[in-house]
Amino acid sequence: MLKLNWHEPNFILQKNFGIASDASTVNLYLLRKKYNIEVAESDGILFRHYNGKNINRCGYGFPLSYKNFDLSAAIEILKADSELRGENLRFCLCNEEQRAEIDKIISVDWKFFDGDCDYIYRMENFAQLVGRKFHRKKNHFNKFMKEYPNSEYFPLTTENFPDALQIAEKWFAEKFDEDISLKIELAGIKEAINNWENLGMKGGILYADDEPAAMVMFSVLNENCIDVHFEKSTNKFAATGAFVAINKFIASSAENFSREYINREEDMGIPGLKKAKESWQPNFKLKKYYGEILK
């Protein structure tokens, strides 16, 4: 039986598969320490193993490949690997289609955590803010533009990285919280900046009264979808609509307007984050499941 050569995610992984945030090679790299992610590649298949603090982030992700492959054989490889680890075979972050494919081969006691769902939105809704559902967002945008008529949006580049980092550090300071997840997120932002080209990152920054007001960092999942990794503003500007403004500018940009979707990732079961993501009216939520093989 093939023995997988596990290692920490790096820059030379195969690129993204589909529109799920967990299949983003940027996330595999940036979240590698948070969830103790390991990866292995064999015969064009990317294997993933997670060992997070919570049970919904423990186990193997669905094997990923650009070509057709024998899932039964891949699962046998994972069975053998789990035995070497002294663990029962577990899966995590499997969407409904992937779950169904696994169910054809083995029996898994699947469970569902709503906080793992990716929020998927239509790009045009963010760009245009049209209709009753986006009336409040449109008002927030108009409020920001009235308050800061000379505001300017620019793509995120090496020249304005210091300003983006300033926003992130102010955001962190305003939280005044020792929550380790906030420290990990700030560290992730710094790591994204330090490895910008290697990760293929993109982004935008918004200035108001010549001050850095908001920033977004994202990557391209495929020609039709971007994945937003970080989105930050300071209290001063967030209160007047900076988040709505920068999201509208990002979606309206020439590089993104022709794309169909934005993935703004999970809410992780955090009530405030869930409310914020729901307020943007997702087109759908990509459900993900975790579970252990039934013996």
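The structure displayed is predicted, hence computed values, not measured ones.

### A short note on the pattern of salt bridges
Across all of its chains, the model carries 24 salt bridges by this definition. D116 serves as the salt-bridge partner of R57, at 3.3 Å between the closest nitrogen and oxygen. Pair noted here: R57 is in the loop between strand 2 (45-51) and strand 3 (58-60) and D116 is in the loop between strand 5 (108-112) and strand 6 (118-122), with a separation of 59 residues, a long-range link. For D116, a relative accessible area of 3% translates into the label buried. Shared partners join several salt bridges into a network, and the residues in it are D22, R48, D118 and K288.

### Notes on the side chain of R264
Within the secondary structure layout, R264 lies in the loop between strand 11 (261-263) and helix 11 (271-278). By relative accessible area, R264 is classed as buried at 8%. Within polar-contact distance, the side chain of R264 engages the side chain of E231 at 2.6 Å. In this view, R264 contacts Y119, Y121, F126, V228, E231, N247, K277 and W280; residues no more than four positions away in its chain are not counted.

### As for a negative patch on the surface
Taken together, the side chains of E147, E152, D209 and D210 make up a negatively charged region of the molecular surface. Position of D209 among the secondary structure elements: in the loop between strand 8 (202-208) and strand 9 (211-222).

### Some remarks on the sheet that holds strand 11
Read across the sheet, seven strands follow the order 7-8-9-10-11-6-12 without closing on themselves; strand pairing throughout is mixed. If you trace the sheet from one side to the other, it starts and ends with strand 7 (152-155) and strand 12 (284-286), each paired once. The sheet shows a mean angle of 30 degrees between the axes of neighbouring strands, taken without regard to direction. Inspection of the sheet shows strand 6 paired to strand 11 by three bridges, in the antiparallel sense. Bridged to R122 within strand 11 is Y261. Taken strand by strand, helix 6 (residues 161-175) contacts strand 8, strand 9 and strand 10 (225-233), and its axis lies near 105 degrees from that of strand 9. Against the sheet, helix 11 makes contact with strand 6 and strand 12, and its axis sits at roughly 20 degrees relative to strand 6, the strand it touches most.

Parameters at a glance
- Residues numbered from 1 in each chain as written.
- Predicted model: local features only at pLDDT ≥ 70, side-chain atom pairs only at ≥ 80, totals over all residues.
- Heavy atoms only, no water.
- Salt bridge = Lys/Arg side-chain N within 4 Å of Asp/Glu carboxyl O.
- Helix = DSSP H or I, 4+ residues; strand = E, 2+ residues; numbered from the N terminus.
- Buried < 20%, exposed > 50% of the residue type's maximum accessible area, 1.4 Å probe, protein only.
- Polar contact = N/O pair within 3.5 Å; in protein donor to acceptor, adjacent residues only side chain to side chain.
- Contact = heavy atoms within 4.5 Å.
- Patch = residues over 30% accessible without salt bridge, like charges linked within 9 Å, V, L, I, M, F, W, Y side chains within 5 Å.
- Areas by Shrake-Rupley, 256 points an atom, 1.4 Å probe, with all protein chains shown as cover.
- Lys, Arg positive; Asp, Glu negative; His and termini not counted.
- Charge placed at Lys NZ, Arg CZ, Asp CG, Glu CD.
- Pairing = 2+ DSSP bridges.
- Axes fitted to C-alpha atoms, helices over the stretch in contact; angles between N-to-C directions.

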